[in-house]
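These are the residues of each chain, in order.
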Amino acid sequence: DQQVKQNSPSLSVQEGRISILNCDYTNSMFDYFLWYKKYPAEGPTFLISISSIKDKNEDGRFTVFLNKSAKHLSLHIVPSQPGDSAVYFCAATTNTNAGKSTFGDGTTLTVKP
Amino acid sequence: EPEVTQTPSHQVTQMGQEVILRCVPISNHLYFYWYRQILGQKVEFLVSFYNNEISEKSEIFDDQFSVERPDGSNFTLKIRSTKLEDSAMYFCASSVETVYGYTFGSGTRLTVV
């Protein structure tokens, strides 16, 4: 049962343009969502999170949008830079089982110079 | 910037042998985790640990697995009798609070032959 899905395995964008990474979830109990970035041979690095009481959270070039009715979240990166090329994972957790995060499959972002 | 340190970076072991994967979490973090990623698959939750006891574990974390915080700084994952399907990248992580983003280590690549 894939509770967190990232339907696009890969995304390629031009430097300076917007990157939009999408994530869908099925478990309505999820109330906290996180995005991680992962380079090869490294562990995931936390980027940004959003609580279910919000619909938007912004941190510099990164903005996460949450649409609870659609059970959908997205990560926007503006402007995209070549150093953003990595695998991006969305993850979700619940307040009652907050020690456990459920990860999506990941989307490989390539930003071309 | 504080880091989560994992050793060794790569471990090769024979099927049926015991392995211990070691982690030093960030010193002021209270919550500790093990995740794994089988090659080509998603990052999967194994176990969370707080206040010297397991707070949550997945169905993967069966009797062959155990965790320990032996001395207040190290956090270990033991696999008693390794199987071929245990081959994966094992990530240790820690956090201040459960719903905050985790800090992951760089991982230990376990290869069971």
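Residues numbered from 1 in each chain as written. Chains lettered and ligands numbered in written order. Predicted model: local features only at pLDDT ≥ 70, side-chain atom pairs only at ≥ 80, totals over all residues. Heavy atoms only, no water.

Draft legend 1. How the structure looks around the overall build of chain A. Each helix and strand in chain A was counted, giving zero helices and 11 strands. When the helices and strands of chain A are read in sequence order from the N terminus, they spell out β-β-β-β-β-β-β-β-β-β-β. Its C-alpha atoms give chain A a radius of gyration of 13 Å, within 12% of the compact-globule value 13 Å for 113 residues. Along the first, second and third principal axes, the C-alpha set of chain A runs to 45 × 30 × 20 Å. For chain A, the residues scored as buried account for 46% of the 113 residues in total. Relative to all contacts within chain A whose residues are 6 or more apart in sequence, the contacts with residues 24 or more apart total 54%. Summing over all exposed atoms, chain A offers an accessible surface of approximately 5400 Å²; the carbon and sulfur share of this is 49%. Positive and negative side-chain charges of chain A, numbering 11 and 10 respectively, have mean locations separated by a distance of 2 Å. (Helix = DSSP H or I, 4+ residues; strand = E, 2+ residues; numbered from the N terminus. Rg over C-alpha atoms; globule rule 2.2 N^0.38 Å. Buried < 20%, exposed > 50% of the residue type's maximum accessible area, 1.4 Å probe, protein only. Contact = heavy atoms within 4.5 Å. Areas by Shrake-Rupley, 256 points an atom, 1.4 Å probe, with all protein chains shown as cover. Lys, Arg positive; Asp, Glu negative; His and termini not counted. Charge placed at Lys NZ, Arg CZ, Asp CG, Glu CD.)

Draft legend 2. Focus on the pairing of strand β11 (residues 108-112) of chain B. All names here are of chain B. Taking every second residue as pointing to the same face, the buried face of β11 carries Thr108, Leu110 and Val112, while none of Arg109 and Thr111 on the other face is buried. Judged from the four bridges that link them, strand β2 (residues 10-13) and β11 form a sheet pairing that is parallel. Its bridge partner being in β11, Val12 is matched across the sheet by Thr111. (Pairing = 2+ DSSP bridges.)

Draft legend 3. Region of interest: the interface of chain B and chain A. Taken together, the 17 residues of chain B in the interface contact 21 residues of chain A. Across the chain B/chain A interface, buried area totals approximately 1600 Å², and carbon plus sulfur atoms make up 58% of it. Scanning the region where chain B abuts chain A turns up one salt bridge. For Asp105(A), the salt bridge goes to Lys42(B), with nearest N and O atoms at 3.9 Å. The interface formed by chain B and chain A contains five residue pairs in polar contact (both at pLDDT 80 or more). (Buried area = accessible area lost by both parts, 1.4 Å probe. Salt bridge = Lys/Arg side-chain N within 4 Å of Asp/Glu carboxyl O. Polar contact = N/O pair within 3.5 Å; in protein donor to acceptor, adjacent residues only side chain to side chain.)

Draft legend 4. Just the sheet that holds strand β8 (residues 72-77) of chain A, in detail. All names here are of chain A. Overall, antiparallel pairing links the five strands, which are arranged β1-β3-β8-β7-β6 in an open sheet. Where the open sheet ends on each side, the last strands, each with one partner, are β1 (4-5) and β6 (56-59). In this sheet, β8 lies alongside strand β7 (residues 62-67) in antiparallel orientation, the contact comprising six bridges. Of the residues in β8, the one forming a bridge with Thr63 is His76.

Draft legend 5. Representation of the pattern of salt bridges in the model. For the structure shown, the criterion picks out five salt bridges over all chains. Measuring nitrogen to oxygen at the nearest pair gives 2.8 Å for the salt bridge that ties Asp84(A) to Arg61(A). Within this pair, whereas Asp84(A) is found in the loop between β8 and β9 (86-93), its partner Arg61(A) is found in the loop between β6 and β7, the two being separated by 23 residues in sequence. The partner of Arg36(B) in a salt bridge is Asp86(B), and the shortest N-O contact between them spans 4.0 Å. Here the residue Arg36(B) occupies a position in strand β4 (residues 31-37), and Asp86(B) occupies one in the loop between β8 (75-79) and β9 (88-95), the gap between them amounting to 50 residues. Residue Asp86(B) is classed as buried on the basis of its relative accessible area of 5%. If you follow the salt bridges from partner to partner, you end up with Arg36(B), Glu44(B) and Asp86(B) in one network.

Draft legend 6. Structural detail: the packing of aromatic side chains. Under the counting rule described, the total for this entry stands at 20 aromatic pairs over all chains. On the numbers, 6.5 Å between centres and 80° between planes, the contact of Phe30(A) with Phe33(A) is edge-to-face. No difference in accessibility class separates Phe30(A) from Phe33(A), as the two residues are buried. When the centroid spacing of 6.2 Å and the interplanar angle of 90° are considered together, the rings of Phe91(B) and Phe104(B) count as edge-to-face. (Phe/Tyr/Trp six-rings, centres within 6.5 Å; stacked < 30°, edge-to-face > 60°.)

Draft legend 7. Just the confidence of the model for chain B, in detail. The predicted model of chain B averages 93 in pLDDT, with 98% of residues at 70 or higher. The element-level mean pLDDT for chain B is lowest in strand β6 (residues 53-57) of chain B, coming to 92, with β11(B) highest at 98. (pLDDT = per-residue confidence, 0-100.)

Draft legend 8. Highlighting the side chain of Ser101(A). Position of Ser101(A) among the secondary structure elements: in the loop between β9 and β10 (102-103). By relative accessible area, which is 3% here, Ser101(A) ends up buried.

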